[in-house]
Amino acid sequence: MGHTRLYRNGVLAEEGFPIADVSEYVCQPDCAVWFDLCAPTPEELAAVSEELSLHELAVEDVTNAHQRPKLDVYDTHLFLTVYAIRIDERGQLDPVELNVFVTKNALVTVRENDHFDISKVTKHWDHNRDLAKHGVSFLLHGLLDVVVDGHFELVQSFDDRVEELEGRLFGEQMATKEMQRLTFDLRKNMVGFRRLTLPMREVVNTLIRRDLHVVEQGMSPYYQDVYDHVLRVSEWTDSLRDLLVNVRETHLTQQGFRLNEIMKRVTGWAAIIAVPTAITGFYGQNVPYPGSGQPWGFWMSTFVVAMASVGLYWAFKKRDWL
């Protein structure tokens with residue numbers, strides 16, 4: 001059993017009635033009907049298609065999952081594909097495909113699964129019941145507004161995560177592998193998010209600009225508000241992608257800088273150690289040398305080694321090589 005609602009003359013008259021009763025209401029000009037199907041069977045889709053005279057290509061798009069967000073115009077109805085998007089418990093993108101049929105007196109939503117809470121839409125309608133007089137235009141706006149608001153909340157969470165990465169970028173508490181993993185996961189989610197939200201500009205813009213007899217004049221400002229949110233989401237996503245690229249490049253630059261610092265210090269200490277090695281190696285020849293076999297010769301070589309090492313350490317430290 002799907003969710004159903006009947007609005008008569010802008011007032012909620014009935015809800016929870018069987019979908020089979022929809023045909024009694026759609027032919028009445030003062031009625032606006034909504035019903036929702038969650039993961040319907042092909043037989044259920046066929047019955048709905050016959051009831052509302054839906055185009056076979058639109059019904060076929062419902063059965064073929066993972067469609068691109070779009071708006072198709074047919075003679076008797078419109079067909080929309082949009083995505084409600086959330087982040088699951090694993091931190092991965094979880095899009096839910098929503099297929100929408102829009103007729104003169106009916107709105108039909110077909111959800112891919114129950115990961116999208118349809119009650120958010122009904123609550124939105126109840127909160128704006130004064131606009132219900134606009135019929136299907138009001139119902140469609142409520143659905144799109146909830147979906148786009150979900151996109152807006154998600155891109156805000158992406159922004160918070162990018163700021164967190166920026167804050168940790170110059171800290172020592174984050175390991176390189178962890179930084180790379182977080183950056184990769186966030187970039188992957190944002191690429192998928194952008195692919196699903198960018199076409200929404202075309203969808204909403206078409207609803208507003210084309211004479212489809214769906215958006216009534218009284219609802220135009222509300223659809224324009226949804227379109228503004230869509231643009232903000234799109235622009236915000238693009239700017240976050242650029243920021244994420246900068247974070248990644250800065251992190252790689254830091255890695256190179258730290259490696260250079262390490263190599264500089266290792267080279268400096270190697271040079272300091274090389275001087276005593278050279279002196280003791282020279283004195284290790286089987287030839288007489290100043291102080292050979294005498295205690296003062298040992299102490300002289302030790303003094304030379306110590307002074308040479310200290311001198312090199314001071315010279316390297318002065319040049320910030322250590």
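Conventions used here
Each chain carries its own residue numbering, running from 1 in the written order of its sequence. Reporting of local features is limited, given that this is a predicted model, to residues whose pLDDT is at least 70; pairs of side-chain atoms are given and counted only at 80 or more, and all residues count toward the totals for whole chains, interfaces and linings. As a rule here, side-chain values cover all heavy atoms of the structure and leave hydrogens and water aside. Cysteine sulfur pairs qualify as disulfides if the two atoms are within 2.5 Å. The working definition used for a salt bridge is a side-chain nitrogen of Lys or Arg within 4 Å of a carboxyl oxygen of Asp or Glu. Only runs of H or I of at least four residues qualify as helices and only runs of E of at least two qualify as strands under DSSP, and these elements are numbered from the N terminus. Note on classification: 1.4 Å probe, protein chains only; a residue is buried when its accessible area is under 20% of the maximum for its type, exposed when over 50%, partly exposed between these limits. Inter-axis angles, ranging from 0 to 180 degrees, are taken between N-to-C directions of lines fitted to C-alpha atoms, where helices are fitted over the stretch in contact. Angles below 35 degrees are treated as roughly parallel, those above 145 as roughly antiparallel, those between 65 and 115 as roughly perpendicular, and all remaining angles as oblique. Handedness of each helix crossing follows the sense of rotation of the near helix against the far helix: counterclockwise by less than a right angle gives left-handed, clockwise gives right-handed. Should any heavy atoms of two residues lie within 4.5 Å, those residues are considered in contact. Each residue is assigned to one of three groups, with Ala, Val, Leu, Ile, Met, Phe, Trp, Tyr, Cys and Pro labelled nonpolar, Asp, Glu, Lys and Arg labelled charged, and all others, Gly among them, labelled polar. Pairs of strands are assigned from DSSP output, requiring at least two bridges between the strands.

Draft legend 1. Fine view of the state of the cysteines. If you walk through the whole model with that rule in mind, you get 0 disulfides. Among the cysteines around Cys31, which has no disulfide bond, Cys27 carries the closest sulfur, lying 8.2 Å off.

Draft legend 2. Region of interest: the pattern of salt bridges. Evaluated as defined, the whole model comprises 10 salt bridges. Put simply, Asp30 and Arg8 hold a salt bridge, and the shortest N to O gap is 3.9 Å. On the criterion of sequence distance, the pair formed by Asp30 in the loop between α1 (22-26) and β3 (31-38) and Arg8 in strand β1 (residues 3-8) is long-range, its members being 22 residues apart. We classify Arg8 as partly exposed; its relative accessible area is 29%. Between Arg111 and Asp36 there is a salt bridge whose closest N-O contact spans 2.8 Å. Of the two residues, Arg111 is situated in strand β7 (residues 106-111) and Asp36 in strand β3; the sequence distance between them amounts to 75 residues. According to the relative accessible area criterion, Arg111 is buried, its value standing at 7%.

Draft legend 3. Seen up close, the packing of helix α4 (residues 119-127) against helix α5 (residues 136-169). With their axes 9 Å apart at the nearest point, α4 and α5 run at an angle of 125 degrees to one another. Between α4 and α5, the angle is such that the two are oblique. Our pair here, α4 against α5, has a crossing hand that is right-handed. In this structure, α4 uses Lys120, Val121, His124 and Trp125 to contact α5, whose residues at the interface are Phe138, Leu139, His141, Gly142, Leu143, Asp145 and Val146. In terms of residue class, the contact of α4 with α5 is made up of 6 nonpolar, 3 polar and 2 charged.

Draft legend 4. The sheet that holds β3, seen in detail. Pairing is mixed in the open sheet, where 7 strands are placed in the order β2-β1-β3-β7-β6-β5-β4. The two strands at the open ends of the sheet, each matched to only one other strand, are β2 (11-15) and β4 (70-73). When the angles between neighbouring strand axes are averaged without regard to direction, this sheet yields 20 degrees. Here strand β6 (residues 93-102) runs beside β7; their pairing, made up of 5 bridges, is antiparallel. Each bridged residue has a counterpart across the sheet, and for Leu98 the counterpart in β7 is Arg111. Lying on the sheet, helix α3 (residues 56-63) is in contact with β4, β5 (78-87), β6 and β7; it crosses β6 at an angle near 160 degrees.

Draft legend 5. Up close: the pairing of β1. In terms of strand pairing, β1 meets β3 through 6 bridges, oriented antiparallel. Counted as the bridge partner of Leu6 is Val33 from β3. Inspection of the sheet shows β1 paired to β2 by 4 bridges, in the antiparallel sense. Residue pairing across strands places Leu6 opposite Glu14, the latter belonging to β2. Hairpin connection from β1 to β2: 2 residues lie between these consecutive antiparallel strands, with Asn9 at a positive phi of about 55 degrees.

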